[in-house]
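Residues per chain, in single letters:
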Amino acid sequence: MGKYIVTIAPPTPNGNLHLGHISGPFLAADIFNRIRRLKNDDVIFVCYSDDYQDYVVRKAMQQNMGRFELATHFANRIDATLKKTNIHLDWFLKAYQNDFYKDAIAFFYKMAAEKGVLASRDCEVPYSAEDNVYGYEAFARGTCNYCGEDSDPSQCEACANSPVMEKMGDLLSIFSQKKMGFETINREYLRLDHYKDYLKNHFKRNIVREELQQFVQEVISNGELDWYIDRPRAYGIDVEINGETKIIHTWFSGLAGYYAATKEYAHHIGNPGLHDEFWKSTDTRIVNFLGFDCSFSHAIVYPSLLSNAPGHTANWAPITNRFLKLEGGDFSTSRGHAIWVDDILEEVSSDALRYYLAIVSPEYQVENFEKQKFMEWLDHWFNPFIEQLGNYMEKHADEFTAINFSDASSSAAAYYRDTWNRYTESATFSIGKLAQLQQEFLQTLKSAMDAGQSGLGSLIQVYLVMGKPIHPELSEKLISLYNIKEPVLVNWLLTDSNVKVK
Ligand SMILES: [Zn+2]
């Protein structure tokens, strides 16, 4: 039995979730969490709303709303949408005025200070006198000094590096589109160069996807490693540290967000000790799901910050994904080119949406969602299969009281089991591979049912249990209806492939 903290990079509560959001870290994390629980691992599964994010401030200004009124509204909607999609977090922390969050930020700040890796200096910050905004993040765009793509000054979506403001070309203010000037401001920064060797070794032990390995190597070798953590005169989280109020930005505070979420959850369930049981156990593995553009914070900053905290687990493994496109174009909420999760769930079941999004999940590269293809898959493949499966199970109800593989089905079952085990482990985890496997399995069952075969009961039971993390409602309904002995199947799924099924 393993111990896991599973996290999702926090959504920005300036709008609700569209398919692009769900297809990335949200669905992958939920499936991973369900698999861990199926395999009898201990898990705390958390996320939080990034209420202090600069983009929330910008949207609030544009809509003439209060910054936190907007954040609270969308944090609640996001929470509700996740539940509708059967993405069942243990805890979704609302960051606004949350003491657990502020305390955790202060904690990681103090740990870094004690380590001697914080420093301050005067630096040039973009400022638009015309619009009266500082260009720390959401209020400015320019050219990334690392990759040359268009970026905000905080986090480049194209190369995932953290641009150096003074070196960015053509910084324009978002509102007036005019060139920004600079103001000299004293800021605090984290000396990440201190962690170069630590990170090199860390990612030898905690295996992550190839492109993230490359990113980490590139940043360690060629990146600017003094990383600013505050935003004086602008927006962030006001945290009091040693009697002094500092405006810390939300990118520094991500690790604190996860830490605070498990703490608030532990208090909520009346077991405050649970937080330390997880964070202070060297057995605990922390697996983060995030878009590739959040790699700098999650793969460079957070493992470094965590290593400062004595007695805490250091097993930190980020799992990244790329973007999903919609009908060949980028999702754009401002241009209305988006499919909202709430809307599509009026038309289709959450199972169908989860299964299909897992198939087209942009794990390693950009992928494309086409509504028509989804509807065809649903009408000609998934829905007819559910009907056929239901009929078969009704007719052969006696096949579901035990598992008993015939010689013919045992090799097929072992193949599905072994492949499933390979892609459910964190180092090789892939919802795309799991969904493909489920499709292949579905085809096997469909062909056998089409041919009028019987004796498929054991294979179907394996299909339902293996597929439960992807389509929980369908699996739960049929497992319960036919009294399928799930623990027996799970034991079998976890057995070594050389063990013969009796
Ligand atoms: Zn870049």
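Residues numbered from 1 in each chain as written. Predicted model: local features only at pLDDT ≥ 70, side-chain atom pairs only at ≥ 80, totals over all residues.

### Digging into the overall build of the protein chain
Right, on to step 1. Summing up its helical and strand segments, the protein chain has 17 helices and 17 strands in all.
Right, on to step 2. For 502 residues, the compact-globule estimate of 2.2 N^0.38 gives 23 Å, and the C-alpha radius of gyration of the protein chain, at 24 Å, lies within 12% of that figure.
Right, on to step 3. Expressed as lengths along the three principal axes of its C-alpha atoms, the size of the protein chain is roughly 75 × 50 × 40 Å.
Right, on to step 4. Residues counted as buried form 46% of the 502 residues belonging to the protein chain.
Right, on to step 5. At a minimum sequence separation of 6, the contacts of the protein chain that also span at least 24 residues come to 74%. (Helix = DSSP H or I, 4+ residues; strand = E, 2+ residues; numbered from the N terminus. Rg over C-alpha atoms; globule rule 2.2 N^0.38 Å. Buried ≥ 20, exposed ≤ 12 C-beta atoms within 10 Å, placed from the backbone. Contact = placed C-beta atoms within 7 Å.)

### Description of unusual backbone geometry
Note: most peptide bonds trans; most residues except glycine with negative phi.
Right, on to step 1. For Asn86, which is not glycine, the phi torsion reads 65° and is therefore positive.
Right, on to step 2. Tracing the backbone through its elements, the reader meets Asn86 in the loop between helix H3 (67-84) and strand E3 (91-94).
Right, on to step 3. With 18 C-beta atoms counted inside 10 Å, the residue Asn86 sits in the partly exposed group.

### Section: the sheet that holds strand E8 (residues 169-173)
Right, on to step 1. Spatially, the 3 strands line up as an open sheet ordered E7-E6-E8, and their pairing is antiparallel. Each end of this open sheet is capped by a strand with a single partner; those strands are strand E7 (150-151) and E8.
Right, on to step 2. Relative to E7, strand E6 (residues 140-143) is paired through 2 bridges, and the arrangement is antiparallel. The residue bridging Gly142 from the neighbouring strand is Ser151, located in E7. (Pairing = 2+ DSSP bridges.)

### Thoughts on the sheet that holds strand E14 (residues 316-321)
Right, on to step 1. Taken in spatial order, the 5 strands line up as E3-E2-E1-E13-E14 in an open sheet, and their pairing is parallel. The outermost strands of the open sheet, each flanked by one partner alone, are E3 and E14. Across the sheet, the mean angle from the axis of one strand to that of its neighbour is 20°, orientation sign disregarded.
Right, on to step 2. With 4 bridges joining them, strand E2 (residues 42-49) and E3 adopt parallel strand pairing. The residue of E3 that forms the bridge with Val46 is Trp91. (Axes fitted to C-alpha atoms, helices over the stretch in contact; angles between N-to-C directions.)

### A few points about the domain arrangement of the protein chain
Right, on to step 1. Each assigned domain of the protein chain is listed here: domain 1 (3-321) and domain 2 (371-494).
Right, on to step 2. One C-alpha centre belongs to domain 1, the other to domain 2, and the line joining them spans 38 Å.
Right, on to step 3. Ranked by the residues each element gives to the side of domain 1 that touches domain 2, the list is headed by helix H1 (residues 19-38), at 7 residues.
Right, on to step 4. Split by residue class, the side of domain 1 that touches domain 2 holds 10 nonpolar, 1 polar and 3 charged. (Domains from an automatic or database assignment. Nonpolar A, V, L, I, M, F, W, Y, C, P; charged D, E, K, R; others polar.)

### So, helix H11 (residues 350-359)
In an α-helix, one turn spans 3.6 residues, which is why side chains three or four residues apart end up on the same side.
Right, on to step 1. Of all 10 residues making up H11, 9 are buried, and the element is well covered by its neighbours.
Right, on to step 2. Within H11, the full set of buried residues consists of Asp351, Ala352, Leu353, Arg354, Tyr355, Tyr356, Leu357, Ala358 and Ile359.

### Some points on the pairing of E2
Right, on to step 1. With 7 of 8 residues buried, E2 lies mostly within the body of the structure.
Right, on to step 2. Sheet analysis places strand E1 (residues 3-8) next to E2, joined by 5 bridges and oriented parallel. From the neighbouring strand, Tyr4 faces E2, where its bridge partner is Val43.
Right, on to step 3. For the crossover from E1 across H1 to E2, the handedness is right-handed. (Right-handed = clockwise from strand over helix to strand, strands pointing away.)

### Observations concerning the environment of Asn421
Right, on to step 1. Position of Asn421 among the secondary structure elements: in helix H13 (residues 407-424).
Right, on to step 2. Looking at Asn421, the number of C-beta atoms within 10 Å reads 17, which means it is partly exposed.
Right, on to step 3. C-alpha of Asn421 to C-alpha of Arg34: the two residues are 387 residues apart in sequence and 14 Å apart in space.

### Looking at the packing of helix H14 (residues 431-450) against helix H15 (residues 457-467)
Right, on to step 1. Packing of H14 against H15 brings their axes to within 11 Å, and their N-to-C directions diverge by 155°. One element, H14, and the other, H15, form an angle in the roughly antiparallel class. Here H14 and H15 pass one another in a crossing that is left-handed. Contacts between H14 and H15 involve Gln438, Phe441 and Leu445 on the former and, on the latter, Leu459, Ile460, Tyr463 and Gly467. (Parallel < 35°, antiparallel > 145°, perpendicular 65-115°, else oblique. Left-handed = near helix turned anticlockwise from the far one by under 90°.)

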